[in-house]
Amino acid sequence: MDALISIFEAINGVVWGPLMLILLLGVGLYLQLGLKLIPIRKLGMGFKLMWQGRTPKTAAAKKAEAEGEISPFNALMTALSATIGTGNIAGVATAIALGGPGAVFWMWITALVGMATKFAEAVLAVRYRETDSLGYHIGGPMFYIKNGLGKKWLWLGGAFAFFGAVAAFGIGNTVQSNSVADALDSTFGIPHWLTGITIMVLAGAVILGGIKRIAKVAGKLVPIMGIAYIVAGLAVLVVNADQIGEAFGLIFYYAFNPMAAAGGFAGAAVMAAIRFGVARGIFSNEAGLGSAPIAHAAAQTKNPVRQGLIAMLGTFIDTIVVCTITALVILTSTVWIGGEAGASLTALSFDAALPGFGNQIVSIALAVFAFTTILGWSFYGEKCCQFLFGVRSIMVYRVLFVLAIPLGAIAQLGFIWLMADTFNAMMAIPNLIALALLSPVVFKLTKDYFDGKEVLPGEELDHDQA
């Protein structure tokens, strides 16, 4: 077992090392520049399309416009359900604890670059999606690798699907149920096993119903939980209003200057701020990992670019909005200098401004965020499994996924976390290769859309022609 842990630690050091972070940022920057900053310039248009895409199409409109299982809005909410999770609470705190306040600046940069990555992922997911034997639309990196790059690249799609199917059990399941169990135990004294069984029953009732049920729950729960957390964060910032200016000053100054040790804080070099800011930013918004396009492929839309404009909002909302709220709550309190890290740092920061309530707010938010992450990742893992083993594997995967939830709640997760984190990063490699090779398709589809010359799915266009 020790040998296995050592092997995974070595692999993890490489796949989450500087090379991977440069690759993620490099591909994102290339896409952002190739798209002429459209994901940033058209942010308002993205929000408008999201608002218009709240209601599923009528039968007549569906026939005229597109097939798909879920509304464009619910596709975004399903993607956000998996994205907004422990990374927004514990991940931001860890970035600040290890990289200093400057890490927040590099999280923002990662998000601005990542918006182009997420846009391209969704464009390709809708462009190259298929209909399975059950009549459902399926897509994602494994399908745009297979249908966009051709049969000779099929092994790369298979590699992505394998890593995704395994990573879902870790990052999207056991790690989440364990985080909830820890939080509810420390705050309310609820035993781990009870939390595990409760989540299993609640999540099972949704997951076994497939994408339509997951999207329905995500479409209701994600906006409510997101807005409630933001309101709680803003309440803290009202209490700490006199510290907000200084917090922004710390973020911008220490993004480019090393920070000396103070109190329990060990200090941070500029490279640490960049490394932890980028790594935690990507962990939080998942831009480049290739998970979100699996949800966007099920959207009721005929146009890949429209869904891309909606999809990129996921990165903006997750990092620029939610993570920034968490970061400002932490930096406007003085708790972070004490050497705390993870979710406990966020909880203590909320509690400092809202005594007696802060801890509960963070525990409840963590529980709801983690619950929705389990729902979203169950769908991602299921589609990866389906790509490898066909539609017969779907129900088997769902049942195994639901049964793993209580095991995660009671287990010691050191190795599982390490393995999941490693596979999570390894999903990004096939996806980034595909994004780079298929970028001409993304650029052409986007240009045609904004020039009024749409190329719709079904009109053949591959990366060689582009």
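Everything numeric in this text was worked out from a predicted model, so none of it was measured.

Undergrad: Tell me what's going on with the overall build of the chain, and back it up with residues and numbers.
TA: Scanning the chain from N- to C-terminus turns up 21 helices and two strands. For the chain, the C-alpha radius of gyration of 21 Å lies close to 23 Å, the compact-globule estimate for 466 residues. In terms of overall dimensions, the chain has a C-alpha envelope of 60 × 50 × 45 Å along the principal axes. Out of the 466 residues in the chain, the part that is buried amounts to 59%. Taking the contacts inside the chain whose residues are at least 6 apart along the sequence as the reference set, 83% of them involve residues at least 24 apart. Carbon and sulfur atoms provide 68% of the accessible area of the chain, an area that totals close to 17,700 Å². Charge separation in the chain, taken as the distance between the mean sites of 28 positive and 25 negative side-chain charges, equals 12 Å.

Undergrad: I'd like a description of the pattern of salt bridges, backed by residues and values.
TA: Taken as a whole and assessed by the stated rule, the structure comprises five salt bridges. Between E382 and R398 there is a salt bridge; the shortest N-O distance is 2.7 Å. With E382 in helix α18 (residues 358-389) and R398 in helix α19 (residues 393-410), the pair connects residues that are 16 residues apart, well separated along the chain. You'll find E382 and R398 in the same group, each marked buried. In this structure, the salt-bridge partner of D451 is K447, at a minimum N-O distance of 2.9 Å. In this pair, D451 and K447 are both assigned in helix α21 (residues 439-451), four residues apart and thus about one turn of the helix distant. Through salt bridges with shared partners, one network takes in E382, K383 and R398.

Undergrad: Let's hear about the packing of aromatic side chains: which residues, and what values?
TA: According to the stated counting rule, one finds 21 aromatic pairs in the structure shown. Their ring planes at 65° and their centres at 5.8 Å tell us that F105 and F252 sit as a pair that is edge-to-face. On the criterion of sequence distance, the pair formed by F105 in helix α8 (residues 102-127) and F252 in helix α13 (residues 244-253) is long-range, its members being 147 residues apart. For the ring pair F169 and Y397, a centre distance of 5.3 Å and an interplane angle of 65° mean the geometry is edge-to-face.

Undergrad: I'd like a rundown of empty space enclosed by the protein, residues and numbers included.
TA: Taken as a whole and judged by the stated rule, the model has two cavities of 30 Å³ or more. In terms of lining, the largest cavity is formed by 14 residues, of which the most central are A82, T83, Q176, F283 and E286. Breaking the lining of the largest cavity down by element, the ones donating at least two residues are α6 (72-83), α7 (86-99), α10 (154-188), α14 (270-285) and α18. Across the lining of the largest cavity, the residue classes tally to five nonpolar, eight polar and one charged. Sorting the residues of the lining of the second largest cavity by element identifies α2 (18-34), α8 and α14 as the ones contributing at least two each. Per element, the largest residue contribution to the lining of the second largest cavity is four residues, and it comes from α8. Of the residues that constitute the lining of the second largest cavity, the class distribution is five nonpolar, four polar and no charged.

What counts, and where the lines are drawn
Position numbers for residues start from 1 in each chain and track the written sequence from start to end. pLDDT decides what is reported in this predicted model: residues at 70 or higher carry local features, side-chain atom pairs at 80 or more are listed and counted, and totals for whole chains, interfaces and linings draw on all residues regardless. Only hydrogens and water are removed before side-chain values are computed, so all heavy atoms of the structure are retained for them. Helix and strand definitions follow DSSP, with helices as H or I runs of at least four residues and strands as E runs of at least two, each counted in order from the N terminus. All radius of gyration figures rest on C-alpha atoms, and the globule criterion is 2.2 Å times the number of residues raised to 0.38. Relative accessibility thresholds used throughout: buried, under 20% of the residue-type maximum; exposed, over 50%; partly exposed, between the two (1.4 Å probe, protein chains only). Note on definitions: a residue-residue contact is assigned when non-hydrogen atoms from the two residues lie within 4.5 Å. Here, Shrake-Rupley sampling with a 1.4 Å probe gives the accessible areas, and only protein chains in the shown set may cover a residue. Neither His nor the chain termini are counted; the positive set is Lys and Arg, and the negative set is Asp and Glu. A charged residue contributes its charge at one atom only: NZ of Lys, CZ of Arg, CG of Asp or CD of Glu. The working definition used for a salt bridge is a side-chain nitrogen of Lys or Arg within 4 Å of a carboxyl oxygen of Asp or Glu. Pairing of aromatic rings covers Phe, Tyr and Trp, the last through its six-membered ring, and needs centres within 6.5 Å; plane angles under 30 degrees mean stacked, over 60 mean edge-to-face, and all others mean tilted. Throughout, the protein atoms alone are placed on a 1 Å grid, and a set of points is a cavity if a 1.4 Å probe fits but cannot get out or a pocket if it is open with protein on both sides within 12 Å along at least five of seven lines; lining residues have an atom within 4 Å of a point. Grid points are joined across faces, edges and corners, and a volume is the space filled by probe spheres set on the points. Classification convention: Asp, Glu, Lys, Arg as charged; Ala, Val, Leu, Ile, Met, Phe, Trp, Tyr, Cys, Pro as nonpolar; all other residues, Gly among them, as polar.

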